[in-house]
Amino acid sequence: MPVSDALQSALPRAMPGQRLLAICFSVLLACLGIADSSVAGEHDHAHNKMAQSQHFDIPALPLADALKRYADQSGMQIFYRSDILPDITTQPLHGSFSHEQALMRLLAGSELRFTFSGNNALVIHSPEQEQYASLTPEPVLPNTPHSMAVEETYVTGIRNSLRLSLTEKRQAPNVIDVITSNDIGKFPDRNVADSLQRVAGVSVDRLWGEGRDVNIRGTDKDINRTLLNGQHVASSYWWANDNLSRGFNYSTLASQLVQSIEVHKTPRADIDEGSIGGTVIVRTRQPLSVADQLISVQLEQQYSELSAHWDPQASALGSWSNTDDTFGVLASFNVQNRRSRRDGQETFANDTLYTITEPKGEITQNVYAIWGGGTALLEQDRSHNTGNLTLQWAPDDHWNSVLNIFRSQMDIASVNHNYLFAPGGLKLRETPPATVTNPVFQTSEDGYLNLTGGLLSNADSTGALLDAIYRQGYIDTRVSDWETYYTDERWQLHWQLGHTESTGGTDHDYLYRFAGNTRFAFALSPDRVEVNYLDLDPKSASAMSSFSADSRDWIRAMENSETYGQIDIEYHPAAPWMSRLKAGLKRRDHGVVNTRILGEIDTNHPRWQSLSSTSLAAVSHELTPLLLPEVPEVSNVRQYARTDARLLQEVIQPAYQTGLLAYRNDPSAYYRIEEDSLAAYVQGAFEFGPLHIDAGVRAVATEQASSGYLGEQLVEYQRRYRHLLPSINLRYQVGESTIVRASLAEVMARPNYEDIAPGLIVDPTSGSGLAGNPELNPYQANQADIGVEWYPSPTSMLAITAFYKDITSFVYPTTETRQIDGRTLNITTNRNSYGASISGIELRWQQDIAWGFGVQSNYTYTDAHVPSPEGLTAIKLPGNSRDQFNASVYYENARVDARLSYNYRSSSYGEVIAGSQSKTAAYSQLDGSLHWYLSNELSVSLEAINLNNEIIYIRSASGIPQGFYENGRRFLLGLRYQWQD
């Protein structure tokens, strides 16, 4: 059986946590057994460590600086006395070398010698200091006295993470920010997106209480790409209102798997196209880059304040490599269980225009009204299992091959209750429509009126709904990737082949809707949704006297897959002005499919008449908890009768099983998109003294076939487009500590999938729809960056960067009325528009202060403009926040490290509906973490997330409330054991 199949068969969907833990500890025991049998041979191990080959890129530098670069790139610790280094400049070092060969070339002409002393440490000494050659250095913490003057010591901890991150940023040819694995482990973050939000210019959507989608430099998640080890990683979602996206669902990726994260804000020709704001590259761990034997086990308990539950989490990582350091295996597993609760006050806007009739006959036409609004309780039980297996083979200095297999499985059982009033969904759709007493109107941005208050009449018609939605969701993501390097002194050949796929959706999405007759009076204001039911009490289950024929089931599936292959060749010429010449070719076969099976009530079924008279009282025995405890002022309905899952199974489901619920394929939800692309690039790196130039061009051709249903007919559209994408990155070294950067580039991003699908997707809540436009052109932009970075120490930096993006081709939403299945629906579609512009400034300050304290902070200002096409509503750039600020204060000593982190983003904008753009209010969050190291192997951690219990407020730009959400605080208590040799 292939290794990938073996791993994936060992992790079936909905694997019990106990089984996965058993597998984890079995692997750990096996690794421990291997470790016990491999302790011998320390001298041979040291020799083989130095013989290990890797790629080095070190320009001509003073010897001290060259040794720092060597330590950063090799991962070795270097110990030496500063007074023994001669004042010489090393020769450039570019290409693949063993650790020993590289160090010998750097030390050529110095008469210095070195000794490998184990534990990844080197001692450099002069011929007169042979007595020091046999010393094994002790780990040295910053500011700790030591008997030997040490120029550079590299230790674990927060400072080491900061040093590694800044080193990579400093040496990169383009504008980049880096987070190392230690950073992820020390931030109070459960997934990668929550760590990314600490990066300047990056903002995160935390609607579900944790990071899921990422925006970069004012651009929406759908036009920024995330790559895993340089390649596309498929992504999907489970929520009914989510659609397939070109962005990435970060909730599926556990931070334990990650070695580093790179945020590329300016492009390079050798990085995949498809991003306007920036590209995130997630790098996973490799066995030959960590300790030869490594065991790490972490056990945690997480407490969610709103749900008042403790939930277990566990992770395990084991790595082993042979005594020759030519073959290694790394395996990691992560199990997370979480019971969460989210309280909300919601309204559901739609684009339908109504006629408002007052009791005295006064009529107001063409008025928007919300479909409905209510107080929502979402309870979720989530199980998330991830597994990763990496095999690495490096038989000599020339070959290095890595096979990486990854799988993430998430099963989500959620129950969503909402007690609703529905002016647009019920009362205004009656024949004749219910009258509205004392109507209150507000003008939307498109000039139409919006009904924001009034008393809707008719006590004998439905005026209140209790929606209970029981969803069984899932996300299953897989990656299989094989990457190989062959290098000699001047040439490097690289190829990478792989496949990734992700499926998501719901096995069932049952809506149980109960209805009650009543009049109601409502009032919408920016900070409150108030409704008074005049003829019923929400706490009375019997008031919901009937079971609605709108009850249904959805079986939703979205599939996202890609097969890729690329080859790159790199040459390091002898010319002093050119350090690298690189070219490559890449083929991607990409496809997505979206389907839905719709289960509807058959009102002609013999069981329907009796079931329709079933009241909520038959399936309810309790009230909801008191909702929105932190913001009681946003709603006056904070508790109501709810359903019971067991009673629903006993009362409703038997009727469904007799055929009362009839299933059919839903053609309006279907689309398939196949996208094949071929890209080629050439790139060069040039050095003229302190000036480094990285320039290249990437050419890409895309063939696209999209199909969907228009009515009953399946249609398909095909198109081709090509892009030539030049880029140039300049880096100028001013003295030893200052770098000036500049960049120019042309970039593109393909339209989102549902935007180019020829079919129609109907929103499950409002009934409005989204129709694709298969003739949409991709987003295109010209961009420029200029910045200055000052590095006063290896862990400190002060930087300013200005950027500008001219989006020459922009996708703009428009709304039109269509007849669909006998219903008049307002359908939003997209078309290309004049473009948009984004300009901004990023400020970043990072400082190791004193006495173990330090600070990281950054601020980003973004000014975005979107020209309004004639006759259409002016909009703000979706995903953009004008102001973003992050600050972290940390403390670290030999036994304790602590961090307090604050994140702020100003208001951001979303979709246009009911003549107004959705606006998410400014959001801030405070997180904290504390780690106590009981020994070198054992540590205890305490983490707190959303300490300030920030509330999410979403309104239309005209001030009509759309959603207020409280996720609550979370706390984690953990115990970690780590052993390495």
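By the naming in an unreviewed UniProt entry, the chain is TonB-dependent receptor, taken from Gilvimarinus algae. Under the UniProt heading Subcellular location (unreviewed entry), the entry covering the chain gives this text: "Cell outer membrane". If you open the UniProt record of the chain and go to Sequence similarities (unreviewed entry), you find "Belongs to the TonB-dependent receptor family."

### Digging into the overall build of the chain
Summing up its helical and strand segments, the chain has twelve helices and 51 strands in all. Within the chain, the proportion of its 981 residues that are buried is 60%. Accessible surface for the chain amounts to roughly 37,400 Å². Of this, 54% is attributable to carbon and sulfur atoms.

### What to know about a nonpolar patch on the surface
A cluster of nonpolar residues, V788, I800, I841, L843 and Y861, forms a patch on the protein surface that exposes about 370 Å² of accessible area. If you trace the backbone, I841 turns up in strand β41 (residues 836-848).

### Some remarks on the confidence of the model for the chain
The predicted model of the chain has a mean per-residue pLDDT of 85, with 87% of residues at 70 or higher. Here residues 131-156 is a poorly scored stretch, pLDDT under 50, and it has 44 contacts once near neighbours within four places are set aside; other chains count. Under a pLDDT of 50 for its full length, residues 183-188 has, in the predicted model, 33 contacts with residues more than four places off or in other chains.

### Quick notes on the environment of G209
Of note, G209 is situated in the loop between β7 (202-205) and β8 (213-216). In contact with G209, other than residues within four places in its own chain, are N967 and R970.

### A few points about the pattern of salt bridges
Summed over the entire model, instances satisfying the criterion amount to 44 salt bridges. The shortest N-O distance in the salt bridge between K169 and D177 comes to 3.3 Å. According to the relative accessible area criterion, K169 is buried, its value standing at 6%. Judged by its relative accessible area of 4%, D177 falls in the buried class. If you follow the salt bridges from partner to partner, you end up with K169, D177, R217, K265, R741, D785, E789, E842 and R844 in one network.

### Brief notes about the environment of Q231
Mapped onto the elements of the fold, Q231 is located in strand β10 (residues 231-232). Accessibility expressed as a relative area gives 1% for Q231, which makes it buried. When the C-alpha atoms of Q231 and V282 are compared, they prove to be 9.3 Å apart, with 51 residues separating the residues in sequence. Not counting residues within four places of it along the chain, the set of residues in contact with Q231 comprises T226, D272, D481, Q496, Y564, Q566 and K586. Separated by 3.0 Å, the side chains of Q231 and Q496 make a polar contact.

### Observations concerning helix α11 (residues 653-660)
Inspection of α11 places Q653, A655, Y656 and L660 among the buried residues, and these make up the whole buried set. Seen along its axis, α11 keeps its buried residues to an arc of 150°; they face one direction. Where α11 is buried, its residues touch β23 (491-517), β26 (546-547), β28 (578-601), α9 (608-612), α10 (645-651) and β31 (661-665).

### As for the nonpolar core
The biggest cluster of nonpolar side chains holds 55 residues, and the ones touching the most others in it are F421, Y512, Y533, F547 and Y656. If one sorts the elements of this core by residue count, strand β22 (residues 462-487) sits on top with four residues. With near-sequence residues (within four places) excluded, F421 lies in contact with I370, G372, G373, G374, G463, F520, F522, L524, V529, V531 and Y533. Of all hydrophobic cores here, the second largest spans 28 residues; its members include I276, M558, A749 and A757.

### Observations regarding the sheet that holds strand β12 (residues 279-284)
The sheet built from five strands is open, its strands ordered β6-β11-β12-β9-β10 with mixed pairing. Each having just a single partner strand, β6 (176-180) and β10 make up the two edges of the open sheet. As paired strands, strand β11 (residues 258-264) and β12 are joined by six bridges and run antiparallel to one another. Among the inter-strand pairings, H264 is bridged to a residue of β12, identified as T279.

### Details of the packing of aromatic side chains
Taken as a whole, this structure holds 25 aromatic pairs when the rule is applied. Between Y368 and Y448 the ring centres are 5.7 Å apart and the planes differ by 75°, which places this aromatic pair in the edge-to-face class. One end of the pair, Y368, is in strand β17 (residues 363-368); the other, Y448, is in the loop between β20 (436-443) and β21 (449-456), with 80 residues separating them in the sequence. Among the residues examined, Y368 registers a relative accessible area of 6% and is labelled buried.

### Some remarks on the pairing of strand β44 (residues 896-905)
Where burial is concerned, the two faces of β44 differ: the one with D897, R899, S901, N903 and R905 is buried and the one with V896, A898, L900, Y902 and Y904 is not. Strand direction decides the pairing type here: strand β43 (residues 883-892) and β44, joined by nine bridges, are antiparallel. Looking at the pairing, V889 lines up with L900 of β44. From the end of β43 to the start of β44, which pair antiparallel, there are three residues. Pairing of β44 with strand β47 (residues 923-933) involves ten bridges; the strand directions are antiparallel. In the strand pairing of β47, R899 is matched with S929.

### Describing the side chain of T386
Within the fold, T386 resides in strand β18 (residues 372-393). Apart from the residues lying within four places of it in its own chain, the contact partners of T386 are T252, A254, L257, S332, F333, N334, R407 and S408.

### Things to note about the packing of helix α4 (residues 63-74) against helix α5 (residues 99-107)
At a minimum axis separation of 10 Å, α4 and α5 run at an interaxial angle of 170°. One element, α4, and the other, α5, form an angle in the roughly antiparallel class. Residues L63, A66, L67, Y70 and S74 of α4 pack against H99, A102, L103, L106 and L107 of α5. Within the contact of α4 with α5, the residues separate by chemical class into eight nonpolar, two polar and no charged.

### Let's talk about α4
With twelve residues, α4 should cover 16 Å at 1.5 Å per step; its first-to-last C-alpha distance of 16 Å lies within 8% of that length. Of all the twelve residues making up α4, nine are buried; the element is thus mostly covered by neighbouring parts of the structure. Within α4 the residues assigned to the buried category are L63, A66, L67, R69, Y70, A71, D72, Q73 and S74.

### Comments concerning the pairing of strand β9 (residues 225-228)
Burial of the side chains of β9 extends over both faces: R225 and L227 are buried on one face and T226 and L228 on the other. As paired strands, β9 and β12 are joined by four bridges and run parallel to one another. Along β12, the bridge assignment pairs R225 with T279. With two bridges connecting them, β9 and β10 associate as antiparallel partners. Paired with L228 across the bridge in β10 is Q231. Turn length for the β9-β10 hairpin, with the two strands adjacent in sequence and antiparallel, is two residues, and the turn residue N229 shows positive phi of about 55°.

Thresholds applied
- Residues numbered from 1 in each chain as written.
- Predicted model: local features only at pLDDT ≥ 70, side-chain atom pairs only at ≥ 80, totals over all residues.
- Heavy atoms only, no water.
- UniProt positions renumbered as here; feature names shortened; annotations may be inferred.
- Helix = DSSP H or I, 4+ residues; strand = E, 2+ residues; numbered from the N terminus.
- Buried < 20%, exposed > 50% of the residue type's maximum accessible area, 1.4 Å probe, protein only.
- Areas by Shrake-Rupley, 256 points an atom, 1.4 Å probe, with all protein chains shown as cover.
- Patch = residues over 30% accessible without salt bridge, like charges linked within 9 Å, V, L, I, M, F, W, Y side chains within 5 Å.
- Salt bridge = Lys/Arg side-chain N within 4 Å of Asp/Glu carboxyl O.
- pLDDT = per-residue confidence, 0-100.
- Contact = heavy atoms within 4.5 Å.
- Polar contact = N/O pair within 3.5 Å; in protein donor to acceptor, adjacent residues only side chain to side chain.
- Arc of directions from axis to C-beta.
- Core = buried A, V, L, I, M, F, W, Y, C linked by side-chain atoms within 4.5 Å.
- Pairing = 2+ DSSP bridges.
- Phe/Tyr/Trp six-rings, centres within 6.5 Å; stacked < 30°, edge-to-face > 60°.
- Axes fitted to C-alpha atoms, helices over the stretch in contact; angles between N-to-C directions.
- Parallel < 35°, antiparallel > 145°, perpendicular 65-115°, else oblique.
- Nonpolar A, V, L, I, M, F, W, Y, C, P; charged D, E, K, R; others polar.
- Expected span 1.5 Å × (residues − 1).

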